[in-house]
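Here's the letter readout for the chains.
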Amino acid sequence: MIRLQINGRALDYEGDPRRRLSDVLRHDYRLTGTKVGCDAGDCGACTVLVDGAAVCACLTPIAQVSERRVETIEGLHPRGPGALQRAFLRHGATQCGICSPGMVMAAEALLRDTPQPDRSQVETALAGVLCRCTGYQKIIAAVLDVAGSAAATAPKSGKAVGARVERLDGVAKLCGEEAFGADFVPDNALWVRAIRSPYAAARFACSELSAWAARHGVQVFTAEDVPGRNCIGVIPRFADQPVLAERHVRMVGEAVALVAGPREVVQALDLTTAPINWFPEQSLDLQDAKTNGAKPLHDTRPDNLLIAGVVSRGDAQAAFAQAAHEVHGVFETTHVEHAYIEPEAGTAWMEGDVLNIRAATQAPAMDRGDTALFLGMPQEKVRIRPAATGGGFGGKLDMSVQPFLGLVTRLTGRPSVMVFSRAESMQASTKRHPAQMTARLAADAQGKLTGMCFDGDFDTGAYASWGPTVAVRVPVHASGPYQIPNYQAEARAIHTNGPVAGAFRGFGVPQATVLQETLMDQLAVKLGMDRLVFRQLNALQDGQQTVCGQRLQGVGIGACLDALAARWAQANEEVAAFNGRAGRLRRGIGLASCWYGCGNTALPNPSTMRMGLTAEGVLCLHQGAMDIGQGANTVMAQIAADGLGVTVDQITLIDADTAITPDAGKTSASRQTVVSGQAILRAAQALRQQILQLVNMGQGANIEIGPNRVTVAQGAQRRDIALQDLPVGAEGYVLMAEARYDPPTEALDAQGQGAPYAVYGYGAQLAEVEVDLDLGTVKTLRVSAAHDLGRVINPTLAEGQIEGGIAQGLGMALMEEYVPGQTCNLHDYLIPTVGDMPEVVSHLIEVPDPEGPLGAKGLGEHTLIPTAPAILNAITHACGAQLTQLPARPDRVLAAIKAAALKAETARSGLFENAGESAELFQ
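For every chain, the first residue of the written sequence is number 1, and numbering continues from 1 onward in sequence order. Local features in a predicted model are, by the rule used here, given only for residues with pLDDT of at least 70; side-chain atom pairs are given and counted only at 80 or more, and totals for whole chains, interfaces and linings are based on all residues. Think of the side-chain values as coming from all heavy atoms in the structure, minus any hydrogens and water.

## Details of the state of the cysteines
Part 1 of the reasoning: In this description, a disulfide is simply a cysteine sulfur pair whose atoms lie within 2.5 Å. Throughout the structure, instances matching the rule amount to zero disulfides.
Part 2 of the reasoning: Free of any disulfide, Cys-56 has its nearest neighbouring cysteine sulfur in Cys-46, separated by 4.5 Å.
Part 3 of the reasoning: Classification of residues uses two cut-offs on accessible area relative to the type maximum, computed with a 1.4 Å probe and protein chains only: under 20% is buried, over 50% is exposed, and between them is partly exposed. Overall, Cys-56 belongs to the buried group, its relative accessible area being 18%.

Here is the structure:
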């Protein structure tokens, strides 16, 4: 018997004294506000207080807290958010929310001991808690401002857009009330685990598996048990991935069987010892896969080519022949892990003959369609009820636990639960595409770009996933937001036996931009032009055509570059002064620009939104655009409020659920603010029109919603609508409007000419770094980020997206490198911590787009794209090192410094006629 004191309650625990405190809290006492992201003390999401000190509950045996005072997020302020949580809300310091309880508890421990900490003390206290969304800046600000002012006054009717409305789902996230995928466990549920391949390529047989399962008291399911189509894929015509491999695996971690049974039994099993007979085969990496005669992974895809994307305009070769100056380069990027703090998890159960699945997802309607096909069920008999998503970034666009849970529950009739371990998540989830790229860039004597060629191979792994999207999107964007009259670009998605490469914040554009923007710097230097001025000279402008021949309006790249000009001039002076002193540290500054088309590439991309008013006067917004931390719940409510002419607090959110919310499309490609935002604006305006018509008043009238009534006033006129006198429709509303919006695009022809996106967003970033010439280490000191949002819906959320995107871009630039077959935890896979982050200064630019809702553009993807190339350009400026591979680890930086010194010495020696020749030698 172990005596516990949890949140002031005396409890007696009987059981294994070695059990993790986190496990006991969550499964014995249902205190699910304590989150689990790693079970290794790496992420800190499980932070609780023991006798007032912050500890990782996942590393603490239950025996160690006997007779000690344990506090969880639920017990911190049970009557509602306290001052610290209010500060988090005020500053926008929570996004997806999975790390928020751990952050709050770590900060609470600090503040009890040090009520007025300085920034350094806050950073130290929070160093053990990882956040993948926020970039930490707003979290630090919140902790430093606990005693600050109360929340801002809620905006009045018609004034919600542009206001710093607090995140509508923030209180639940900060108080531990938000339910994520692993937080809902039905009684009598079967726990499910997958047996996965240890080989990248192998044949296998599992004839002895049933007997093994019977001995252990569990059930086992294989591909033979699949009642429908054992093949899934996010793009139907490229679907190629079995949910359970049939006789052949193509990647490490591929699932071959499911084991289901009591939780304690299933979790205790060592699945690596399950009786699977493996017959390993030769696996292919990117170089192998491209070799003539290489065996294709898929019989229908010769040469292991999934798809190639091409954009061609003008005559690039002629442009190079006539150019005054040109540069060329090669670049290689690696696998990058999404590293969301919430591993994949979910639950399934039956309600009558309807299968319900609750899991983290970015695309509930897509999940329903693929799951129904897999199970051989009508779509209307499958209901996806998304859990809160603890980080996505593209990684939760592909299904994970959904088909596994659906299979077990459909075949057994019992609820089922599946929670990936961190190692399993890293092994089985999709990654950013590794790329091998070459490019050439040319300009005339005046500095105007005249031509560009780009060629890239993107390792798409064993299955298609979002590989087609990456291959098609990259050639459209590889030019950057510049006018280039002669252009030739091709990107290929190549199958290998590596991890499936899918969607990851940018769909291949970040990789291409690294090469394109570093070449922009090299060409500016060759021209003898200021690097900012060179970009301003070539930036796209309204009325000009892109490399796809699309004529643009609302182009904001020039305004973004202009916004950085003052800091650029000042930073140049500061760097020159710093580097004038002797020492091993050198500072540098770098620029990079970006553009990004919002939504699908030249394909239909619709969203449908619904608003309804009940007879009791409850205004409901059916918001099916998944909020994965970016703030869709709040942004859609702000747009809806202004479209209807009411205040945000009058709106009741009906969250994504395939049974009760229309399909808003997937949360990806920075599309929701643009596409779903336009849909909800139209629905709100239509509902407003219905109300005005009932009282015969004009557009200038004011609408007030109260219990059982709507009052409309205009001047001296004032009329009431008795809602209970109106008939109730099929959806349960007396007044309702639904609107669908699909952005106008044009298909791309064989040369990639057309209008692939209706709306583009733009951005530019200035990075300031410090390089240690002896160690090769790089510290990013400051990033100034100017992003064109068209219309800023919520400044706080926009700043949070910028800061979080920069954090991921910094990780991509300097530290993040997933090694297939080796990387399995958040200790070896490095993502930025609070101590790694630079100061971030955001400039929110508004150049309205005529197609966006109220002029708005997307932002989520754009914020990451320029960060890595800006940092690389700053490294080159600091010490001459030109990196050709990411991440810029210290060993690679040192090698590049030595190569730069050798190149400079060679040029000085006169061995070649000019420095250009020596530069080519070392490309």
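Still more ground to cover, so stick around.
## Observations concerning the nonpolar core
Part 1 of the reasoning: Only buried residues count toward a nonpolar core. Its members are Ala, Val, Leu, Ile, Met, Phe, Trp, Tyr and Cys residues joined through side-chain atoms within 4.5 Å. Counting 157 residues, the largest nonpolar core has Phe-88, Phe-454 and Ile-875 as the members making the most contacts within it.
Part 2 of the reasoning: Broken down by element, the residue count for this core peaks at nine residues, all from helix 16 (residues 509-527).
Part 3 of the reasoning: Working rule for contacts: check all heavy atoms of both residues, and any pair within 4.5 Å makes them a contact. Not counting the four nearest positions on each side in its chain, Phe-88 is found in contact with Ala-93, Thr-94, Met-103, Val-104, Ile-139, Ala-142, Val-143 and Leu-174.
Part 4 of the reasoning: Core analysis: the next-biggest nonpolar cluster, separate from the first, contains 53 residues, Leu-613, Val-635, Val-674 and Val-759 among them. Secondary structure counts use DSSP, requiring at least four H or I residues in a row for a helix and at least two E residues in a row for a strand, with both numbered from the N terminus.

## Considerations on the environment of Glu-264
Part 1 of the reasoning: As for its position among the elements, Glu-264 is in helix 9 (residues 263-268).
Part 2 of the reasoning: Residue classification places Glu-264 among the exposed positions, given a relative accessible area of 58%.
Part 3 of the reasoning: Distance from Glu-264 to Ala-239, taken between C-alpha atoms, is 36 Å for residues 25 residues apart in sequence.

## Let's talk about the side chain of Arg-688
Part 1 of the reasoning: Relative to the helices and strands, Arg-688 resides in helix 21 (residues 672-695).
Part 2 of the reasoning: The charge count treats Lys and Arg as positive and Asp and Glu as negative. His and the chain ends do not count. Salt bridge, as used here, is a side-chain nitrogen of Lys or Arg placed within 4 Å of a carboxyl oxygen of Asp or Glu. In this structure Arg-688 is buried but unpaired, with Asp-642 as the nearest side chain of opposite charge at 9.7 Å.
Part 3 of the reasoning: Here Leu-644 takes part through its backbone oxygen, which lies 2.9 Å from a polar atom of the side chain of Arg-688.
Part 4 of the reasoning: Of the polar contacts made by the side chain of Arg-688, one reaches the backbone oxygen of Gln-699; its length is 2.7 Å.
Part 5 of the reasoning: Residues contacting Arg-688, with those up to four places away along its chain left out, are Gly-643, Leu-644, Gly-645, Gln-699, Gly-700, Ala-701 and Ile-703. Nitrogen and oxygen atoms within 3.5 Å of one another constitute a polar contact, given that in protein one can donate a hydrogen and the other can accept it, and given that sequence-neighbouring residues count only through two side-chain atoms.

## Points about the sheet that holds strand 20 (residues 435-443)
Part 1 of the reasoning: Pairing is mixed across the open sheet formed by five strands, whose spatial order is 12-22-21-20-13. Of all the strands in the sheet, just strand 12 (305-313) and strand 13 (325-333) have a single pairing partner and so form its edges. Each strand axis lies, on average, 5° off the axis of its neighbour in the sheet, ignoring direction.
Part 2 of the reasoning: Summarising the sheet, strand 13 and strand 20 pair through nine bridges and their orientation is antiparallel. Across the sheet, the residue bridging to Glu-326 is Ala-442, located in strand 20. In this description, strands pair whenever DSSP reports at least two bridges between them. Working convention: axes come from line fits to C-alpha atoms, limited for helices to the stretch in contact. Angles between N-to-C directions cover 0 to 180 degrees.

## As for helix 20 (residues 632-644)
Part 1 of the reasoning: In a helix, the anticipated span is given by 1.5 Å times the number of residues less one. Helix length check: helix 20, at 13 residues, gives a terminal C-alpha distance of 18 Å against a target of 18 Å (1.5 Å per residue), a fit within 8%.
Part 2 of the reasoning: In the core, the buried residues of helix 20 are packed alongside strand 24 (607-613), strand 25 (619-622), strand 26 (651-654), helix 21, strand 27 (702-706) and helix 22 (795-814).
Part 3 of the reasoning: In the stretch just after helix 20, Gly-645 is the one whose phi turns positive, near 95°.

## A short note on the environment of Leu-902
Part 1 of the reasoning: By the element assignment, Leu-902 lies in helix 24 (residues 890-909).
Part 2 of the reasoning: For Leu-902 and Gln-885, which are 17 residues apart along the polypeptide, the C-alpha to C-alpha distance reads 19 Å.

## Some thoughts on unusual backbone geometry
Part 1 of the reasoning: In this chain, Leu-886 is followed by Pro-887 through a cis amide linkage whose omega measures -5°.
Part 2 of the reasoning: Mapped onto the elements of the fold, Pro-887 is located in the loop between helix 23 (867-879) and helix 24.
Part 3 of the reasoning: Not every positive phi belongs to a glycine, and Ala-339 is a case in point at roughly 55°.
Part 4 of the reasoning: Along the chain, the position of Ala-339 falls in the loop between strand 14 (336-337) and strand 15 (345-351).
Part 5 of the reasoning: Using a relative accessible area of 0% as the deciding quantity, one classes Ala-339 as buried.
Part 6 of the reasoning: Located in the positive-phi region is Ser-670, a residue other than glycine, with phi close to 50°.
Part 7 of the reasoning: Checked against the element boundaries, Ser-670 lands in the loop between strand 26 and helix 21.
Part 8 of the reasoning: Ser-670 sits in the buried class, given a relative accessible area of 10%.

Honestly, it's all geometry; don't read function into it.
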